[in-house]
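Coordinate analysis (summary)
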Amino acid sequence: MVKFSFFPFDVDLDIEDKPYVLLFGRTREGNKICVKHEFYPYIWVVLNGEEGEVRNTLENIDEVDINNIEKHTKILAGKEIDVLKVTLQTPNQMPTLRNILEKKGIILLEGDILYTRRYLIDNDISMFREYIVEGEETTPFPHCRCVIVDSIKKGDEIYSDFSNILAFDIESYPDMKSQDTPILMISFASENYKKVITWRDVEPREDYIEIVDGELGLLERFKEIIHERNPDIITGYFTDGYDFPQLQKRAQKYKIKLDIGVDNSRLSFGRGRRDEVNIKGTLHLDVFNLTKNMLRQSLKTDSLKLDDVAKELLGEKKHEVNIMELGSAWDDRDRKKLHKYCEYNLQDSLLTLNLCLKLLPSVIEMVDIVGLSPFDVSRLSLSQMVEWFLIKNAPKHNNLVPNKPTHDEVKERYDKILAGAFVFEPHPGLYHHIVLFDFKSIYPTIIASHNLSGASLRCKCCRDKHEVPLEGDLWFCQKKKAFLPEMIEDLIERRTRVKEIMKEKKTPLLDARQQGLKLLANSFYGYLAFNPSRWYSFEAANSTTAFGRYYIRLVINKMTEEGFKVIYSDTDSIFTTVEDEKEMGRVKKIVDEINSNLPGIMELEFEGHYPSGIFISTKEGKGGAKKRYAMIDDEDHIVIKGFESVRRNTSKIAREVQKKVISIILKENNPDKAFDYVKKIITDIHKNKLEVDDFIIKTRITKELGSYESIGPHVEIARRMEKSGIKVEAGSLIEYVICLGKGKVRDRAKIPHDADVSEIDSEYYINNQILPSLGKIFEVLGYNVDDLVNEQKQSKLEGFF
DNA sequence: TGCCCGCGGGG
DNA sequence: GTGTACGCGGGCA
């Protein structure tokens, strides 16, 4: 018998004579360990008819080994029901059991909750917390000990030694035409460790640089380093989608295995379209996922490129090198240039490591709140986090988890149109001295205080108590809190308690906790209205926005009464202008007054002051208006929201013009100049003053050329390339320009190399690439967009004469 | 109009 | 491994 304390960071399963859940973690002494815990999966069977009959049916199923059948009374959708808990001998018989029972028309519940997730919830295991284990040592894995659990108890500590995190980043031979080019270098960064391995000589050859023998040597050394360091956490940026898949491809080429699991198992890739890479016994966190899922709405930047995210969160940048030129430096064996790329490569790992360290407290807290492994939590969307938070808490409230809606049910839900938030936009335009307020957590507080949920809808006890500011026969129970609103209330209360503690002592972990609690609470409305939700309720979601519109109107009216000009308002935010900065004090006072009159925990928060900003009309779309504005803050940063994010399949010229226009308007405060700039660009385009390069559009081929049902310009070009003997694989990035001529866009697409500037279809680029993002901006500023177009006709003539 | 398809993040 | 992304916009059919 051994006794020790450890911090689990990942979970897996292993079916031997018995089914085991594996908890991978680090002991207090600093060794990696695998803790094996026996666990049996189960499912709930709804008792519609005679109990004995159902038991009889179950007992006569030969295909699976049922361990136990137990009767329970539970709550589903606010009502008590009788169910049988059916426990199986092994998780891999579950699909069989489900199939058999579904065919017999028996209703099952919680049959799709994964085995390891079920274990974590039922045993109340929070990864990254301390557990004290007593058990028996058993056959170890090649790279860590194994202990079979006798007893497991929660300790007081939290995982806090971050020296075992290893970040890495690869650089491949850059080539647009192929996704399958050699990996040239790999960098690693950990506390007190940095390394770059590559297979060409560099100068100066610093200590951290190691030259290996060819790409195969690089891959072998990569594996070696992983096993040597045996990290708790491997991290990188977009490693799910790029680095690991790329490593895998290259390894296949050399017919070697990427066997970096603690049991020397290979990487496992998520099936289907979803990219996720799992390493047995090591937690793989992709910082890109973390940013996308947990941080996106709190970031100023719309772009999630490593460079942009690092700038905002760390105040650090990537090294400025042109990555496309790595290819020629490599071919030329330019040792000094290659050294620059080594430094660049290392910097990416360092940035990623620092981002990971910065975000880890949020992961640690989210894992505790939601009850899943960090691997899952980091890859889950917010609505899934809400769902798992509810699933984790359902048993504590004797609630059963509702089944996912069927495909048809989801489809039906799409037909119901939710009334959106209140949007106030009297005058789009350019404004100065903008003050922004946010209604903090307006939806969660509404859902909690008005008890909005499917289970509390139209109860028998509160008929005729119509609180909802909506037409129709709609009410929610006012006597008994339903499960979902109770959970939101719980989150809000927990956050208040954390903030109380933080007044005494502020730590990164506590701050991450209150942020996580807020994030989750704020995602409940989206969850209620999300069609595939288990706890979906059209009525509850619709009532939430109804109350929201009611409260935000209250504030707008108050501001207007006080003589301020509300220029824009959407959902939970209010933009007003002030004469000058001296008026700020008065604004804040009024906000305080509003706050003192708001019910309960509702709160209006001061978000910031912006010297100038431009607001665009948003009336087009049917599903409700969206935020579209660009503002400049006191530190001269441009904040852009809701403009089409600039994508790869936009030409360089369209990208440049949009950026430049926003900058001239906000930084130089000179719309005239911006307008003239665009006019000049349009003239230049007509006069063929630009280069073909400026017009290139890039689109990726993602499958076999023959399997396209719809032939877009990129497919057309790719087919032409094939005909002329150039092989085009899935993954190729096709470059093309749209030229003058007859027919569809695709008929007029040309390979940039074969096109002359004079052939470029100016109209296409102006109307489809440049104007869509700019037209609205100028419209709003009172410029006549037709002038841009008229000007072009003139200059076209000038071009002729 | 509906549907197919690529984008994002990486090099 | 009890499963398998997501919401949007452009262009074709």
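Structure's up top.
Residues numbered from 1 in each chain as written. Chains lettered and ligands numbered in written order. Predicted model: local features only at pLDDT ≥ 70, side-chain atom pairs only at ≥ 80, totals over all residues. Heavy atoms only, no water.

1. Thoughts on the protein's contact with DNA strand C
Heads up, the condition is: Neighbouring residues are identified by heavy atoms, a residue being near a molecule or strand if any of them is within 4 Å of it. Distance and chemistry together define a polar contact, namely a pair of N or O atoms within 3.5 Å, with one atom able to donate a hydrogen and the other to accept it when in protein, and with adjacent residues in sequence counting only for side-chain atoms on both sides. Secondary structure elements follow DSSP: runs of H or I no shorter than four residues count as helices, runs of E no shorter than two count as strands, and numbering proceeds from the N terminus. Polar here means any residue other than Ala, Val, Leu, Ile, Met, Phe, Trp, Tyr, Cys and Pro, which are nonpolar, and Asp, Glu, Lys and Arg, which are charged; Gly is therefore polar.
Near DNA strand C lie 23 residues; those nearest to it are Gly 111, Ile 113, Tyr 115, Arg 746 and Tyr 764. Sugar and phosphate atoms constitute 58% of the interface atoms of DNA strand C, taking the interface as everything within 4 Å of the protein. The separation between a phosphate oxygen of DNA strand C and a polar side-chain atom of Asn 768 is 3.4 Å. Only α2 (94-103) and α22 (762-780) provide two or more residues apiece to the surface near DNA strand C. At 3 residues, α2 tops the list of elements feeding residues into the surface near DNA strand C. Its residues assigned to classes, the surface near DNA strand C comprises 13 nonpolar, 3 polar and 7 charged.

2. As for helix α9 (residues 335-370)
Definition in use: Each residue after the first adds 1.5 Å to the expected span of a helix. We define the bend at any residue as the angle between the axes fitted to the seven residues before and including it, ending there, and the seven starting there. Each residue is placed in one exposure class: buried if its accessible area under a 1.4 Å probe, protein chains only, is under 20% of its type's maximum, exposed if it is over 50%, and partly exposed if it falls in between.
Spanning 36 residues, α9 covers 50 Å between terminal C-alpha atoms, matching the ideal 52 Å at 1.5 Å per step. Where α9 bends most, at Leu 359, the angle is about 40°, and the proline Pro 361 comes one to four residues later. A large share of α9 lies buried, amounting to 26 of its 36 residues. Following α9 by one or two positions, Gly 371 adopts a phi angle in the positive range, close to 85°.

3. Overview of the pattern of salt bridges
For clarity, the cut-off: In the sections that follow, a salt bridge refers to a side-chain nitrogen of Lys or Arg positioned within 4 Å of a carboxyl oxygen of Asp or Glu.
With the rule as written, the count across this model stands at 49 salt bridges. The salt bridge partner of Lys 503 is Glu 500, with a shortest N-O separation of 3.2 Å. One end of the pair is Lys 503 and the other is Glu 500, both in helix α14 (residues 483-504) and 3 residues apart, which spans about a single turn. Asp 694 is the partner of Lys 652 in a salt bridge, and the nearest nitrogen-oxygen pair spans 3.9 Å. Here Lys 652 is found in helix α19 (residues 652-667), whereas its partner Asp 694 is found in the loop between α20 (671-686) and β25 (697-700), with 42 residues between them in sequence. Judged by relative accessible area, which is 32%, Lys 652 ranks as partly exposed. Within this structure, Lys 195, Glu 210, Arg 221, Glu 224 and Glu 228 form a network of salt bridges that share partners.

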